[in-house]
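# Survey of secondary and tertiary structure
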Amino acid sequence: MAKAAETPPDTLLDKDTALRLFRMMALIRRFEERTEEQYTRARIGGYCHLAIGEEASTVGAIDALEPGDCLYASYRDHGTALAVGSEPVAVMAELFGKETGVAHGRGGSMHLMDVQRRFFGGWGIVGAHLPIATGTALALSYRDLPNAVLCQFGDGAVETGSFHEALNLAGVWDLPIVFQIINNQYGMGTSVEQSSAEPDLWRRAAAYRMHGERIDGNDVLAVREATARLMGIARRERRPALLETITYRFRGHSVADAGKVYRSAEEIESWRKRDPITRFGLHCSERGLLEQDEIDQVWSDVAAEVKSAIDEALGAAFPDPDTLYEHVYGDSAWREQFSRMRAGAPFGERGEERTWQT
Amino acid sequence: MADLTYREALRRALDDELARDPDVFLMGEEIGRFEGSYKVTAGLWQKYGPERVRETPISEEGFVGAGIGAAMMGLRPVVEIMTINFILVAMDQVINHAAKIRYMFGGAVGVPMVIRTPGGAGAQLTAQHSQSLEAWFAGCPGIKVVAPASVADAYGMLKTAIRDDDPVLFCENLVMYNVTGTMPDDPDYTVPLGRAAVVREGSDLTLVAHSYTVQRALRVADTMSRDGIEIEVVDLRSLRPLDAETVAESVRKTSRALIAEEGWSTYGVGAELAARIHRLCFDDLDAPVERVGGAEVPMPYSKPLELAALPLESKIEAAARGLLAESGIA
Ligand SMILES: Cc1ncc(C[n+]2csc(CCOP(=O)(O)OP(=O)(O)O)c2C)c(N)n1
Ligand SMILES: [Mg+2]
């Protein structure tokens, strides 16, 4: 276990913070609800994983990042992108596959990112981004930078080999990284108890002599406090940690899953009572930090913001198919390198005699 | 003869084999309660129980390896990898182990395991979930790779694969699960591995394909037939062992060969076949062997880009017409 935290627990101190956290969770909730609707209207394709119910685990953790910190996430990443500050319109445009999307329509729902804000991606292969995030922590350490990495992933990812290898590397190399398990209690339809021989996932840290900790992931302040503390230790002492935030997804695994076969209506209902946003709203009003009319105002503001994001994204252009081959390689010599491959080459055939191959 | 979907045909084959042989068991993510990510195994967990329809954590390397070890003991595991993209996590087990064991052990023990996995693109699943990687495996001695393109083959080949004494990578296709077709009533119906099928006869050009691309090829043949051009479509069915003889017989008749596949052409199925056709049919060819594949880019998400990357009918047809024009038929 890590030493006791040196900084005092970061509790909610002021109204601005309260408003910021509440507003972001509300924005994500509305964004996700409208995304679901846009999907049923066939404006979004592919897989689409909503994070409704998990807002506190995302927002609390990301709010604790400092400039220069780096972030990794899984494919359940719409809220992640919004929380790092990506423009809602650019995120929605990405879901629509538009050129103005965060990845110019190349990545879609599962692969959002915002490199300028050091959000290095939503990733689609479960567990695979843990070693990558570890490498980013290695780079921070190598360059002697004062920052750390926050790597978020689901409970299912804990069962991959990558999880073990990444945590061991981070431990043995003393890397500045916090691994955050967003434990929503299910992989697709498989519960943590069914898939994990040690369902107290945070205990896995002990195998790497790493600090491990489990907190209520539907309490945005608890998440923020724990993340700030562990990231602080990572930044200052180059010590990794494993943080498990317990939460619940109200929807199915993806929009294709009704989410009902493998869990009971009572279970879903019991978690609705612990809705992270309602709960935080109550917390704030009880302490006189937010008035009811301010809360109402936030909800109508975010609804308007999401609506205008949708409207603007709808009007944006799709990528030009002629740009299909851009960004496969980036070295300035690539055209020259591939120039003699001729027909069947990745690029050579465009505009030549065998145009059908593109 | 009964009409079934490709998905139902696979399920029936699994059901029949589970009933026939107590050594057969299924293993994979979400294949029980959740009924399989693509619902192929629906109902089997209820029918055969959690020992024979074994749900796994997200541990591909672990449970493919476990399948190998169980198979070395004489069990017949049928492992489901949710999509072929995730098999890369277990690549070491497949290539360094399943494919090597019989040979390295001097024939003392084999690995009678099937890995079922769907591939294919077209539903905007993007770069990490849209690949057709079967050619990579088909280049490796020690495993067999099959890719049925019809309902009857899905049933007959899965049964054969399960009864086979060697590791078989059984490539399904996401787009095909809902395709319907007729299936023979014969409960003993099986399809041998390593035998291609001429699924449409024609005299002007041989169009070779596997998996879902066979359906595209048949549609191209229909279209071109309206212009009096008769295309012979060969469904490879099996990539390793590869039935080059059936392809060569067809090319000897038509004098032209086009290979279409959804994977990347470079070092792909078409590359392999082109080499064999040039060797087997050198004197019969009226035009160079041609191939069409997926655009050589990581699959983009956006619909217009994805359409530009897929080897759609229009591209196959353009290639076929190009070949015919090159050799004097317009
Ligand atoms: C290596 C790998 N295997 C299987 C899948 C298919 N898959 C996608 S999401 C998922 C469940 C992941 O659950 P969890 O890590 O808990 O994240 P959650 O979806 O709950 O956020 C599975 C099995 C995959 N993407 N990658
Ligand atoms: Mg989960």
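Residues numbered from 1 in each chain as written. Chains lettered and ligands numbered in written order. Predicted model: local features only at pLDDT ≥ 70, side-chain atom pairs only at ≥ 80, totals over all residues. Heavy atoms only, no water.

### Brief notes about the packing of aromatic side chains
To keep it simple, the criterion reads: Note on aromatic contacts: the rings of Phe and Tyr and the six-membered ring of Trp form a pair at centre separations within 6.5 Å, being stacked when their planes are under 30 degrees apart, edge-to-face when over 60 apart, and tilted otherwise. For helices the rule is a DSSP run of H or I covering at least 4 residues; for strands it is a run of E covering at least 2, with both sets numbered from the N terminus onward. For each residue, the accessible area found with a 1.4 Å probe, counting protein chains only, is set against the maximum for its type, and the residue is called buried under 20%, exposed over 50%, and partly exposed in between.
Here the structure, examined in full by the defined rule, presents 13 aromatic pairs over all chains. Here the aromatic rings of A:Phe153 and A:Phe163 are separated by 6.1 Å at their centres, their planes lie at 70°, and the arrangement is edge-to-face. Remark: A:Phe163 occurs in helix α6 (residues 161–172) and A:Phe153 occurs in strand β3 (residues 149–154); sequence separation between them is 10 residues. Note on accessibility: A:Phe153 and A:Phe163 belong to one class, buried. Ring geometry for B:Tyr38 against B:Tyr177: centres 5.9 Å apart, planes inclined by 20°, an arrangement best described as stacked. Of this pair, B:Tyr38 sits in the loop between β2 (24–28) and α2 (44–52) while B:Tyr177 sits in the loop between β7 (168–173) and β8 (180–183), placing them 139 residues apart in sequence. Judged by relative accessible area, which is 2%, B:Tyr177 ranks as buried.

### Side note on the site of ligand 1
Quick note on the threshold: The cutoff for a nearby residue is simple: one of its non-hydrogen atoms must lie within 4 Å of the molecule or strand. We define a polar contact as two N or O atoms separated by no more than 3.5 Å, with the added condition that, inside protein, one atom must be a possible hydrogen donor and the other a possible acceptor, whereas residues neighbouring each other in sequence contribute only through side-chain atom pairs. All accessible areas in this document rest on Shrake-Rupley with a 1.4 Å probe, and a residue is counted as covered only by the protein chains that are shown. Polar here means any residue outside two lists: the nonpolar Ala, Val, Leu, Ile, Met, Phe, Trp, Tyr, Cys and Pro, and the charged Asp, Glu, Lys and Arg; Gly therefore counts as polar.
Close contacts around ligand 1 come from 21 residues, with A:Tyr75, A:Arg76, A:Gly156, A:Asn184 and B:Glu60 the closest. Measuring from a nitrogen atom of ligand 1, one finds a backbone N or O atom of A:Val126 at 3.0 Å. A:Gly156 is positioned such that a nitrogen or oxygen atom in its backbone is 2.8 Å from an oxygen atom of ligand 1. Expressed as a share of its isolated accessible area of 580 Å², the protein-covered part of ligand 1 is 96%. Of the residues contributing to the shell around ligand 1, the split by class is 10 nonpolar, seven polar and four charged.

### Observations concerning the coordination of the magnesium ion (ligand 2)
Residues and elements named next belong to chain A. Test applied: Only nitrogen, oxygen and sulfur atoms within 2.8 Å of the metal, or 3.2 Å for Na, K and Ca, are treated as donors, and water is left out, so sites may look incomplete.
Around the magnesium ion (ligand 2), the donor atoms from the protein are Asp155 (OD), Asn184 (OD1) and Tyr186 (O), and they sit 2.1 to 2.2 Å away. All donors to the magnesium ion (ligand 2) come from one chain, and their sequence spacing reads D-x28-N-x1-Y. Separated by 31 residues along the polypeptide, Asp155 in the loop between β3 and α6 and Tyr186 in the loop between β4 (177–183) and α7 (192–195) bring together distant segments of the chain.

### Here we look at the domain arrangement of chain A
Here is the rule: Where a domain begins and ends is set by an automatic assignment or by a domain database.
The domain boundaries assigned to chain A delineate domain 1 (15–319) and domain 2 (324–358). Computed over C-alpha atoms, the centres of domain 1 of chain A and domain 2 of chain A are 38 Å apart.

### Concerning the pairing of strand β13 (residues 257–264) of chain B
All names here are of chain B. Filter applied, for reference: One requirement defines pairing of two strands: DSSP has to find at least two bridges between them. Classification remark: right-handed applies to a crossover when, strands pointing away from the viewer, the course from the first strand over the helix to the second runs clockwise.
Of all eight residues in β13, seven are buried; the element is thus mostly enclosed. When β13 meets strand β14 (residues 290–294), the two strands line up parallel, connected through four bridges. Looking across to β14, one finds that Ile259 is bridged to Arg291. In this region the chain leaves β13, passes through helix α10 (residues 269–281) and returns to the parallel neighbour β14; the handedness of that crossover is right-handed.

### Things to note about unusual backbone geometry
All names here are of chain B. Cis geometry is found at the peptide bond from Arg240 to Pro241, where omega equals 5°. The residue Pro241 is located in the loop between β12 (238–240) and α9 (244–254) in this model. Phi at Glu35 takes a positive value of approximately 70°, unusual for a residue other than glycine. Mapped onto the elements, Glu35 comes out in the loop between β2 and α2. The backbone phi angle of Ser255 is positive, close to 70°, even though this residue is not glycine. Note on placement: Ser255 falls in the loop between α9 and β13. Residue Ser255 is classed as buried on the basis of its relative accessible area of 14%.

### Some remarks on the sheet that holds strand β11 (residues 231–235) of chain B
All names here are of chain B. Counted only if it meets this: Inter-axis angles, ranging from 0 to 180 degrees, are taken between N-to-C directions of lines fitted to C-alpha atoms, where helices are fitted over the stretch in contact. Between two residues, a contact is recorded if the distance between any of their heavy atoms is within 4.5 Å.
Taken together, five strands build an open sheet; the order of strands is β9-β11-β10-β13-β14 and the sheet is mixed. At either margin of the open sheet sits one strand with a lone partner, and together these are β9 (197–200) and β14. Across the sheet, the axes of successive neighbouring strands diverge by a mean angle of 25°, strand direction being ignored. On top of the sheet, helix α8 (residues 212–225) reaches β9, β10 (205–209), β11 and β13; it is set at about 170° to β11, its chief contact.

### A closer look at the pattern of salt bridges
The condition is simple: Within this document, salt bridges are pairs made up of a side-chain nitrogen of Lys or Arg and a carboxyl oxygen of Asp or Glu, the two lying within 4 Å of each other.
One pass over the full model with this rule turns up 47 salt bridges over all chains. The closest approach of N and O atoms between B:Arg102 and B:Asp166, which form a salt bridge, is 2.9 Å. Highlighted residues: B:Arg102 in helix α5 (residues 101–104) and B:Asp166 in the loop between α7 (151–163) and β7, separated in sequence by 64 residues. B:Arg216 is the salt-bridge partner of B:Glu262, the closest N and O atoms lying 3.0 Å from each other. Of the two residues, B:Glu262 is situated in strand β13 and B:Arg216 in helix α8; the sequence distance between them amounts to 46 residues. The same class applies to B:Glu262 and to B:Arg216, which are both buried. The network of salt bridges with shared partners includes A:Asp200, A:Arg203, A:Arg214 and A:Glu244.

### Examining the side chain of B:Thr5
Structurally, B:Thr5 can be placed in strand β1 (residues 2–5). Those residues in contact with B:Thr5, other than ones at most four positions away along the chain, are B:Val151, B:Tyr177, B:Asn178, B:Val179 and B:Thr180.

### Looking at the packing of α8(B) against helix α12 (residues 313–326) of chain B
Axes are the key here: two packed helices are described by the angle between their axes and the distance separating the axes. Residues and elements named next belong to chain B. What counts here: Any angle that falls under 35 degrees is termed roughly parallel, while one over 145 is termed roughly antiparallel, one within 65 to 115 roughly perpendicular, and all others oblique. Handedness of each helix crossing follows the sense of rotation of the near helix against the far helix: counterclockwise by less than a right angle gives left-handed, clockwise gives right-handed.
At a minimum axis separation of 9 Å, α8 and α12 run at an interaxial angle of 55°. Looking at the two axes, α8 sits oblique to α12. Crossing hand, α8 versus α12: right-handed. On α12, the residues touching Thr213, Arg216, Arg219, Val220, Thr223 and Met224 of α8 are Glu313, Ile316, Glu317, Ala320, Arg321 and Leu324. Along the lines of polarity and charge, the residues of the contact of α8 with α12 split into five nonpolar, two polar and five charged.

### Some details on helix α1 (residues 6–20) of chain B
Keep this limit in mind: The span expected for a helix works out to 1.5 Å for each residue beyond the first.
Under the 1.5 Å per step criterion, the end-to-end length of α1(B) is 21 Å for 15 residues, consistent within 8% with the ideal 21 Å. All of the buried residues along α1(B) are B:Tyr6, B:Arg7, B:Ala9, B:Leu10, B:Ala13, B:Leu14, B:Asp15, B:Glu17 and B:Leu18.

### Quick look at the interface of chain B and chain A
Heads up, the rule is: Defined in terms of a 1.4 Å probe, buried area is the accessible area two parts forfeit on being brought together, summed over both.
Contact residues are listed per partner, giving 40 residues for chain B and 45 residues for chain A. Here chain B meets chain A over a buried area of about 3500 Å², counting both sides, of which 63% is carbon and sulfur. Among the residues chain B hides against chain A, the three largest losses belong to B:Ile58, B:Tyr301 and B:Leu305. Together they make up 19% of the total. Connecting chain B to chain A are zero salt bridges. Where chain B touches chain A, the interface holds 14 residue pairs in polar contact (both at pLDDT 80 or more). Of all the secondary-structure elements, those providing two or more residues to the side of chain B that touches chain A are β14, α11 (303–309) and α12 of chain B. Along the lines of polarity and charge, the residues of the side of chain B that touches chain A split into 22 nonpolar, 10 polar and eight charged.

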